[in-house]
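Observations on the three-dimensional arrangement
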Amino acid sequence: MLFIVFFTALLFHSDLAPLEETHWDAVIYVDISKRAAETQMLADYHQHAHDIPLEPNRLLWHFTRIGHVLLLGEVGRLFGTTETALVAMQWLYQVFMALGVTLCVVLGSRLAVLFRPKKPDSIWWAGYSLGALSYIASDSYRGLQGHLLSEPPAFVILAFFAVMLVRAVERRSLAVGAFAGCLLFLVFFIRIDATLPGIIFSTVLLAALIMSRKFDAVPSIIAAGLVSLFLYVIYAWWFSPLVNPQTLANFSSAAKELFPGAPAMSLFKIAIAGGLLWVGACAAIPMWRDPLIRFAMVWLVLALLPMVVDSLNGRAVQTRMSFGIVLPLLVLCGEGWSSILQNFIKQRKTRPLLIASGILIVIAFVPNSLIQQETRNLVINYLPSEIHKYLFPSLVRNATIGPASPYQDSRLGLLVRPISERRTFEYSKIRALGDYLYVPERPAYLLWPEYNVGYLFGLEGYVGLIRYFGKKYPENSDIFLTKLPNQDKSIPCTARVPTLLEPLVFCTTLVYSDLKVLRRNKIPLYILGVDGYPLPEMPPLKLKILLSEPPFVLYGIAE
């Protein structure tokens, strides 16, 4: 049964190409992975830890995901910064998600043995398989499956940690508990904020053991906590002050200002993260007296609490960030479907099965665009304007409600990620542009349209991909000490001088004085045009097409 779950999870969304229907952060991590592949990134962080500002910035943010970045970098080191590397990254992260779902089923079986006197039967396994399949069929799983974000590796290690911690409790083993503590630290290394779901699980499990008077199992959990704490202390000392408690607390408290959002939308995105698991989980609620179900419900509530509080306080919470609720939800969902199947097979009760199946079909196949459009019209036309700020993120950021997208969303399902979290980056066409732009021993400037209004997404991710496919960093180059020309976009275009590390300078505006400097120094200027986007701000120039890779067009200045 586990093999069926694994291979279904691995291949169900095999239609996705690399960077298709992905979050915009994926291309940011791809760009950073080039540095991880071609420089000594981790050693540089240690060497320059005290030089990095502790207020929120990109260097510090990337370090909170350093394990994920280094993992992508190792793939790039093996295959080069090429299209082959992107395919290899996608398959690796597909395996991570498939393993994570399979481990969730294993976790449910170990919890069932821990909290119940009898072992799971075939009906139980069938119910958990249905629960796993309902998550696999959800859009939230499609949003993580093979996508190059920090969530897939964090998810599989988090699930593995939970399984090993329960195993340590079953065997009353300090050694297994210590290994679970190593896994919890590994979660921290991959994605710092993913540690919280692991701590919550450990706390709930510890409380359940104490309440059931299984005191001889408590040392296993304490061993896991002490080992993970010990590893964190060493890590925090080595990279001090980047992950000191005060630094992390300050970074977290600044998140609301950095990522403002509408509370209702953030809460809905948390619901999207659970996908179709909510149907089976709701079916398990009436059986709350069962110790396993009560344990999973408490675990789910505590896992939801930090995200709900963040949402209500005005911080933007995205669907992918809520992956920590999948573990308790899948346990509840598996228990719910097991109960439904038990009633159907042994007692011939068809009503629960028909109701659950009907709700599942409605949630899975209702036209998403229709729901979104009708809801938007209802809110704008009939609800007071004071409520709009709780529903429209654009109103929070730009003090105005953004225009509706003219594109028809063909996705089916009520719990579907917003189209802004389902972007497709045509990396092969960008690679062709990069091959044209990066000429050995020749600096150049690229002018690109910085436009991010309404339904037109920003193009910064494509700029990152051009860098990814571009010139290799020189051996032993130190990206922390070198002032790279593309680090500060507030500096005027030609005031940023091309370097050996970055011979191609990316600009968003150009004035006459910049043009004179480029002509005087005989440095070529290229202009990137994209279908549907206005050209960058620049003087009126006669342009000629150098390369066309629809929707991208690379222009040069005609003589």
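Structure's up top.
Quick look at the structure, then. From a predicted model like this one, the values you see are computed outputs, not experimental measurements.

**Brief notes about the environment of Phe 552**
Locating Phe 552 in the fold gives a position in strand S5 (residues 552-557). The spacing of Phe 552 and Gly 529 is 23 residues in sequence and 5.8 Å in space, taken between C-alpha atoms.

**Focus: a nonpolar patch on the surface**
Together, Phe 3, Phe 7, Leu 11, Val 87 and Trp 91 make up an exposed nonpolar region whose accessible area comes to about 520 Å². Mapped by element, the contributors of at least two residues to the nonpolar patch are helix H1 (2-11) and helix H6 (83-115). For the nonpolar patch, the element with the highest residue contribution is H1, accounting for 3 residues. Locating Phe 7 in the fold gives a position in helix H1.

**Focus: the side chain of Lys 269**
The residue Lys 269 is located in helix H15 (residues 263-274) in this model. Those residues in contact with Lys 269 that sit more than four places away from it in its chain are Val 317, Gln 318, Thr 319, Pro 418 and Glu 421.

**Digging into the packing of aromatic side chains**
Taken as a whole and assessed by the stated rule, the structure comprises 25 aromatic pairs. Ring geometry for Phe 6 against Phe 7: centres 5.1 Å apart, planes inclined by 80 degrees, an arrangement best described as edge-to-face. Residue Phe 6 is classed as buried on the basis of its relative accessible area of 16%. Seen in terms of ring centroids, Phe 63 and Phe 239 are 5.1 Å apart; in terms of plane orientation they differ by 55 degrees. Their pairing is tilted. Taken together, the residues Phe 63 in helix H4 (residues 58-63) and Phe 239 in the loop between helix H12 (218-238) and helix H13 (245-253) connect sequence positions 176 residues apart. Given the relative accessible area of 1%, Phe 63 is considered buried. Take Phe 239: its relative accessible area is 5%, and that puts it in the buried class. Aromatic ring contacts, followed pair by pair, group Tyr 45, Phe 63, Phe 185, Phe 188, Phe 189, Tyr 232, Tyr 235 and Phe 239 into a single cluster. Note that Lys 34 overlies the ring of Tyr 473, its terminal NZ or CZ placed 5.8 Å from the centroid.

Rules behind the numbers
Residues numbered from 1 in each chain as written. Predicted model: local features only at pLDDT ≥ 70, side-chain atom pairs only at ≥ 80, totals over all residues. Heavy atoms only, no water. Helix = DSSP H or I, 4+ residues; strand = E, 2+ residues; numbered from the N terminus. Patch = residues over 30% accessible without salt bridge, like charges linked within 9 Å, V, L, I, M, F, W, Y side chains within 5 Å. Areas by Shrake-Rupley, 256 points an atom, 1.4 Å probe, with all protein chains shown as cover. Salt bridge = Lys/Arg side-chain N within 4 Å of Asp/Glu carboxyl O. Contact = heavy atoms within 4.5 Å. Phe/Tyr/Trp six-rings, centres within 6.5 Å; stacked < 30°, edge-to-face > 60°. Buried < 20%, exposed > 50% of the residue type's maximum accessible area, 1.4 Å probe, protein only. Lys NZ or Arg CZ within 6 Å of the ring centre and 35° of its normal.

These results come straight from atomic positions and should not be treated as a statement about function.
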